[in-house]
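For reference, the chains in residue letters:
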Amino acid sequence: MNMYLHELKAMRKSALIWLGALIGITALYMSVYPSMTADAESFKSLLEGYPSSVRAMLGIQLDSIASLLGFYSFIFTFIVLCGAIQAMILGVSVLSKETRERTADFLMVKPVSRQSIVTAKLLAAGTILLITYALFYAAATGMAGVAVKESFDHWLFFLINLTLLFVQLIFLALGAAVSVFFSKLKAVLPISLGVVFGLYVVGALLAADASNSAARALSPFQYFSPAYILEHAGYETAYLILGAAIVATGTALTYFVYIRKDIHAV
């Protein structure tokens, strides 16, 4: 418990920064929505000039872009990208920071097992993501209420936003699994950004052919389609299961490797 609370305290500053970034991105785009709806037809005409593949990569749905949920689905792509970076950095750093900060010897002489160390650190990282999501969702709901005068489907809005937490948990598990294979990880940012942007680009390229379900499995960014959520008021079961399997596999691999690896103090 002490280790869990210590990790929460250590992560709170970065969590506030990332929360501010998520809210800032949302506020920036939502401030544009009222002026966009005032001239919706011209905006649609502009988007129609984009190739269909480009619209698919950006998550633009012409038939719903003028509605709040349609517009939010478009900007949510960038929100999820930001959230994925936060989660990946957390995952890579939470177990590797002891070797980077040369405190591994101090931690390992404590009367706690390596399994307990992994559990406390991953639970702390997961808690940070859950708190970040809850605060972000509250802020996003408030901004949506201010941006529109008419009512909108709050359940669909919730389902779209919940995918942020799903994607973050996937990248947290991926980051933790990646980090345990490095004996000495000097920098977290390069590998975190490389993995996230690499999978994002792969997902953007695959979005042009949404019917290719096998290819979509390559990128977590394509597991939860806002267009599908708006149409079916739910998630695609196959990708929900796949995401859960990645989280479970990444977590199990983290335990397996960390418990057995040699951990260098310097």
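Data block above holds the structure.
Fair warning: this is a prediction, and the values are worked out from it, not measured in the lab. (Residues numbered from 1 in each chain as written. Predicted model: local features only at pLDDT ≥ 70, side-chain atom pairs only at ≥ 80, totals over all residues. Heavy atoms only, no water.)

Student: I would appreciate a short explanation of the pattern of salt bridges in the present structure.
Tutor: Where charged atoms from two side chains of opposite charge approach closely, those side chains can pair. Within this structure, the stated rule accounts for 2 salt bridges. A salt bridge links Lys 121 to Glu 7; the nearest nitrogen and oxygen atoms lie 2.8 Å apart. Residue Lys 121 is located in helix H7 (residues 114-147), and its partner Glu 7 is located in helix H1 (residues 2-30); the two are separated by 114 residues in the primary sequence. Considered together, Lys 121 and Glu 7 belong to a single accessibility category, that of buried residues. With its nearest N and O atoms 2.8 Å apart, the salt bridge here joins Glu 236 to Arg 216. Taken as a pair, Glu 236 in the loop between helix H11 (226-232) and helix H12 (237-260) and Arg 216 in helix H10 (residues 213-216) lie far apart in primary sequence, 20 residues in all. We classify Arg 216 as buried; its relative accessible area is 7%. (Salt bridge = Lys/Arg side-chain N within 4 Å of Asp/Glu carboxyl O. Helix = DSSP H or I, 4+ residues; strand = E, 2+ residues; numbered from the N terminus. Buried < 20%, exposed > 50% of the residue type's maximum accessible area, 1.4 Å probe, protein only.)

Student: Can you walk me through the packing of H7 against helix H8 (residues 154-179) in this structure?
Tutor: Pairs of packed helices are described in terms of their axes, by the angle between the two and the distance that separates them. Put simply, H7 and H8 touch, their axes get as near as 10 Å, and they point 155° apart. Accordingly, the angle class assigned to the pair H7 and H8 is roughly antiparallel. As for the relative orientation of H7 and H8, their crossing is right-handed in sense. Together, Leu 122, Ala 125, Gly 126, Leu 129, Leu 130, Tyr 133, Phe 136, Tyr 137, Ala 140, Thr 141 and Ala 144 of H7 and His 154, Phe 157, Phe 158, Asn 161, Leu 162, Leu 164, Leu 165, Gln 168, Leu 169, Leu 172 and Ala 176 of H8 make up the contact between the two elements. (Axes fitted to C-alpha atoms, helices over the stretch in contact; angles between N-to-C directions. Parallel < 35°, antiparallel > 145°, perpendicular 65-115°, else oblique. Left-handed = near helix turned anticlockwise from the far one by under 90°. Contact = heavy atoms within 4.5 Å.)

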